[in-house]
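Coordinates in review
So the chains spell out like this:
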Amino acid sequence: MQRLDRQSNGITDGVIWKQLLKFFLPIMLGTFFQQLYNTVDAIVVGNFAGKEALAAVGGSASRILDLVIGFFTGLASGATVIVSQVYGAKDEQNVSRSVHTAMLLALGGGAIMTVIGLLISPTLLVWMKTPPDTMAQSRDYVDIVFMAMIPGMVYNVGSAVLRAVGDSRRPLYFLIAACLTNIVLDVLFVVVLPVDDVKGVAIATSLSQVVSAILVCASLMRTKECYRLELKKLRTNLKLLGQTIRIGLPTGLQSIMYAVSNIIITTSINTFETDAVAAWVTLSKVDAMNWMIVNAFGIAVMTFVGQNYGAGRYDRVRRSMKTCLMMAMGTSILFGAVFALFGRTLFGLFNKDEDVLKLAVLMMMYMAPSYWLYGPIEIISGSLRGMGDTLIPTIITAVGICALRVVWLLLVVPAKHEIGMVCVSYPISWALTSLAFIFYYRRFRARRLSAGMMDR
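All values derive from a computational prediction rather than experimental measurement.

On a plain count of helices and strands, the chain comes out with 18 helices and zero strands. The buried share of the chain, taken over its 456 residues, is 59%. For the chain, the accessible surface area stands at approximately 18,300 Å², while carbon and sulfur atoms represent 65% of it.

Laid out in structure tokens, this is it:
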């Protein structure tokens, strides 16, 4: 096989905490701008269109988009692991093959997402008990955003390729450009031009996805490195596709389970009133700032572990995971304290309704003090996926996060129909799932890493 001849690779050779921070910070900023997409939509409609439009954009519609997008993005994440491992092993030929296989998967997956999304969204909106005063707007938002799934998938896969080879800066730059485009178009379509509020933010989001896809493709096509994207080489390598699906499918299924549990939670929230739905949306926008940080650590450690695993540097696999875990948990403790103290001020950016703000503050107090419990879930599972171990992490997450919450919502919440009973399902599920991940890693992985006995 052809092999890469790189003199230095910071991920496999440098000081771990420095390289991890250097790699993590652009990912973190990128996830911030990714979250800013929906946050800007929520701020614009919440301030210029009212709480019904806010509930439509961030309530049931958002959960449906998460369901479909999460599965295919999770499926494509298998490409990140494959690319990072062969890149760490300096296998130039398979780097190129895996990149082109992944991009074809993005094109096909995006097209399938559009069709599936348009077909299932009307039924799901009804099943989720979407309030009648937000139903039509929720449908409009979902339909328009689903039309831009191909460019969305192309950007996500292209960015994943760049991060897999250690480049986390260019995906950030492209996302900033797309986010700024979204902000300008949001204001243009909702505030300046006579476009329906919800349709306006949906169109703005879709066009921004196109911008990000163009930028990432241009970058991959212009590079001289082995991960260069060439249209004439776009073909499927069945072996690499099989490996990608084997690794990515459990992650995609996990995303579905997350989305289904969130749909059930949203359905439970919908049984209260529009104020509660708007408060939940407002909470989720502020709350997402913590999750985007922890998720960025998970993405960073997956690439770190993937490259070091491919290079046979098992000592760095262990140390990367431990270093990243300490960083993630420390950050979550900090964010939990900030949100508990200043949550009301942050919620006020999205809505000025007093009833909505009171509910959002109440919800936050149930969750913020327990943020740190989620760290082991994201970091240990990301590390395991970097090693190609995806099935067991998916099962642990399915049972600990998804199934437990569903059982709680179906059995406990109806017996005591209070908003706090919905919120408390989160810290309980985080604690139990973190314990399960720690047990699995220490019992089945840590010793083998120490002995250098991992299967390649």
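Before going further, it helps to examine the packing of helix α12 (residues 314-347) against helix α13 (residues 354-367). Geometrically, a packed helix pair is captured by the angle between its two axes and the distance between the axes. The contact between α12 and α13 brings their axes to 9 Å, and the two run at 155°. The orientation of α12 with respect to α13, classified from their angle, is roughly antiparallel. As α12 runs across α13, the sense of the crossing is right-handed. Contacts from Phe339, Ala340, Arg344 and Phe347 in α12 reach Glu354, Leu357, Lys358, Ala360, Val361, Met364 and Met365 in α13. Split into classes, the residues belonging to the contact of α12 with α13 amount to eight nonpolar, no polar and three charged.

Now for the pattern of salt bridges. Side chains that differ in charge, positive against negative, can pair when their charged atoms come close. Considering all chains together, one arrives at six salt bridges under this definition. Of the charged contacts, one joins Arg139 and Asp143 as a salt bridge, the two residues approaching to 3.0 Å between their closest N and O atoms. On the criterion of helical spacing, the pair formed by Arg139 and Asp143 is a turn pair, its members being four residues apart in helix α6 (residues 132-146). Arg139 sits in the partly exposed class, given a relative accessible area of 34%.

Bringing the nonpolar core into the picture now. Membership of the largest hydrophobic core comes to 70 residues, with the highest contact counts inside it found for Ile269, Trp280, Phe297, Met364, Ile379 and Trp430. With 18 residues, the top contributor of residues to this core is helix α11 (residues 274-310). With 53 residues, the next largest nonpolar core counts Val40, Ile64, Ala79 and Met113 among its residues.

With that settled, the discussion passes to the packing of helix α10 (residues 238-270) against α11. At a closest axis distance of 8 Å, the pairing of α10 and α11 adopts a crossing angle of 140°. It follows from the interaxial angle that α10 and α11 lie oblique. In this structure, α10 contributes Ile265, Ile269 and Asn270 to the contact, and α11 contributes Ala276, Val277 and Trp280. Considered class by class, the residues forming the contact of α10 with α11 number five nonpolar, one polar and no charged.

Looking at where Ser425 falls in the secondary structure, it is placed in helix α17 (residues 425-444). The class of Ser425 is buried, set by a relative accessible area of 2%. At a separation of 2.7 Å, a polar atom in the side chain of Ser425 contacts the main-chain carbonyl oxygen of Val422. Contacts of Ser425, omitting those with residues within four sequence positions, involve Arg405 and Trp408.

With 33 residues, α10 ought to run about 48 Å at 1.5 Å a step, and its terminal C-alpha atoms sit 45 Å apart, in line with that. Along its length, α10 reaches its greatest deviation from straightness, about 35°, at Gly248, and the proline Pro250 lies no more than four positions downstream.

Definitions and limits used
Numbering of residues begins from 1 in every chain and follows the order in which that chain's sequence is written. It should be noted that, the model being predicted, local features are given only for residues of pLDDT at least 70 and side-chain atom pairs only at 80 or more, the latter also being counted only at that level, while totals for whole chains, interfaces and linings use all residues. As a convention, hydrogens and water are excluded, and side-chain values are obtained from all of the structure's heavy atoms. Helical segments are the DSSP runs of H or I of at least four residues, strand segments are the runs of E of at least two, and each set is numbered from the N terminus. Each residue is placed in one exposure class: buried if its accessible area under a 1.4 Å probe, protein chains only, is under 20% of its type's maximum, exposed if it is over 50%, and partly exposed if it falls in between. Per-residue and other accessible areas were derived by the Shrake-Rupley procedure at a 1.4 Å probe size, with only the shown protein chains allowed to occlude residues. The axes used here are C-alpha line fits, helices contributing only the stretch in contact, and every angle between their N-to-C directions lies in the interval 0 to 180 degrees. What sets the label is the angle itself: under 35 degrees gives roughly parallel, over 145 gives roughly antiparallel, 65 to 115 gives roughly perpendicular, and the rest give oblique. Crossings are sorted by hand: turned counterclockwise from the far helix by less than a right angle, the near helix makes the crossing left-handed, and turned clockwise it makes it right-handed. For this analysis, residues touch if any pair of their heavy atoms sits within 4.5 Å. All amino acids are sorted into three groups, where Ala, Val, Leu, Ile, Met, Phe, Trp, Tyr, Cys and Pro are nonpolar, Asp, Glu, Lys and Arg are charged, and the leftover types, Gly among them, are polar. For this analysis, a salt bridge means a side-chain nitrogen from Lys or Arg found within 4 Å of a carboxyl oxygen belonging to Asp or Glu. We call a set of buried residues a nonpolar core when its members are Ala, Val, Leu, Ile, Met, Phe, Trp, Tyr or Cys and they connect through side-chain atoms within 4.5 Å of each other. In protein, a polar contact means a hydrogen-donor-capable atom and an acceptor-capable atom, both N or O and within 3.5 Å, with residues adjacent in sequence counting only if both atoms are side-chain atoms; elsewhere, any N or O pair within 3.5 Å suffices. By this rule, a helix spans an expected 1.5 Å times one less than how many residues it contains. Bend at a residue means the angle formed by two fitted axes: the first through the 7 residues ending at that position, the second through the 7 residues beginning there.

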